[in-house]
Amino acid sequence: QLQASGGGLVQAGGSLRLSCAASGRTFSSYAMGWFRQAPGKEREVVAAISRAGGITYYAHSVKGRFTISRDNAKSTVYLQMNSLKPEDTAVYYCAADPSAPPGTVVSAKGEYDYWGQGSQVTVSS
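Model, not experiment: these values are computed from the prediction.

Reading the values: the criteria
- Residues numbered from 1 in each chain as written.
- Predicted model: local features only at pLDDT ≥ 70, side-chain atom pairs only at ≥ 80, totals over all residues.
- Heavy atoms only, no water.
- Phe/Tyr/Trp six-rings, centres within 6.5 Å; stacked < 30°, edge-to-face > 60°.
- Helix = DSSP H or I, 4+ residues; strand = E, 2+ residues; numbered from the N terminus.
- Buried < 20%, exposed > 50% of the residue type's maximum accessible area, 1.4 Å probe, protein only.
- Lys NZ or Arg CZ within 6 Å of the ring centre and 35° of its normal.
- Pairing = 2+ DSSP bridges.
- Axes fitted to C-alpha atoms, helices over the stretch in contact; angles between N-to-C directions.

1. Regarding the packing of aromatic side chains
Right, so step 1: Using the criterion set out here, one finds 4 aromatic pairs in the structure.
Right, so step 2: On the basis of an interplanar angle of 80 degrees and a centroid distance of 5.2 Å, the ring pair of Phe35 and Tyr112 is categorised as edge-to-face. Placement of Phe35 in strand β4 (residues 31-37) and of Tyr112 in the loop between β9 (90-97) and β10 (114-115) is noted, with a sequence separation of 77 residues between them.
Right, so step 3: Using a relative accessible area of 5% as the deciding quantity, one classes Tyr112 as buried.
Right, so step 4: Above the ring of Trp115, the side-chain terminus of Arg43 is found at 4.9 Å from the ring centroid.
Right, so step 5: The ring centre of Phe27 lies 4.5 Å from the NZ or CZ of Arg70, which sits over that ring.

2. What to know about the sheet that holds strand β1 (residues 2-5)
Right, so step 1: Strand order across the open sheet formed by 4 strands is β1-β3-β8-β7, with antiparallel pairing between neighbours. Each end of this open sheet is capped by a strand with a single partner; those strands are β1 and β7 (66-71). Taken over all neighbouring pairs, the strand axes of this sheet differ in orientation by 15 degrees on average, direction set aside.
Right, so step 2: Summarising the sheet, β1 and strand β3 (residues 16-22) pair through 4 bridges and their orientation is antiparallel. Each residue of the ladder has a partner; that of Ala4, found in β3, is Cys20.

3. Some details on unusual backbone geometry
Right, so step 1: The backbone of Ser75 sits at a positive phi, close to 55 degrees, despite the residue not being glycine.
Right, so step 2: Along the chain, Ser75 turns up in the loop between β7 and β8 (76-81).
Right, so step 3: Residue classification places Ser75 among the buried positions, given a relative accessible area of 13%.
Right, so step 4: Located in the positive-phi region is Ser83, a residue other than glycine, with phi close to 50 degrees.
Right, so step 5: The residue Ser83 is located in the loop between β8 and β9 in this model.
Right, so step 6: Judged by its relative accessible area of 41%, Ser83 falls in the partly exposed class.

If you want it as structure tokens, here you go:
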């Protein structure tokens, strides 16, 4: 089970940090990802991280502004979002892929088996 938190309303240029806590003892065996879905749009990948956290992937639109990280001891993955823009407004979802081999990142949403409930991020101009 994945529980996301940390969303909210922020002005453009501001920062937010999303957290996603996982239950169970197998968190370190999951590749993790963050996705977002804006109204009327498809769910898209934002960032992804390998099991041990050594490899990361970012969508072009967030590269240099967002940072994904994980703490396997706390079974938690984070998304630090800086320099937020109105176009970042969306519901953000964390997801877990238990099938990804070590040292790989997964950017395709169809590969993820488990999803959190979503956290609303709203960026005002």
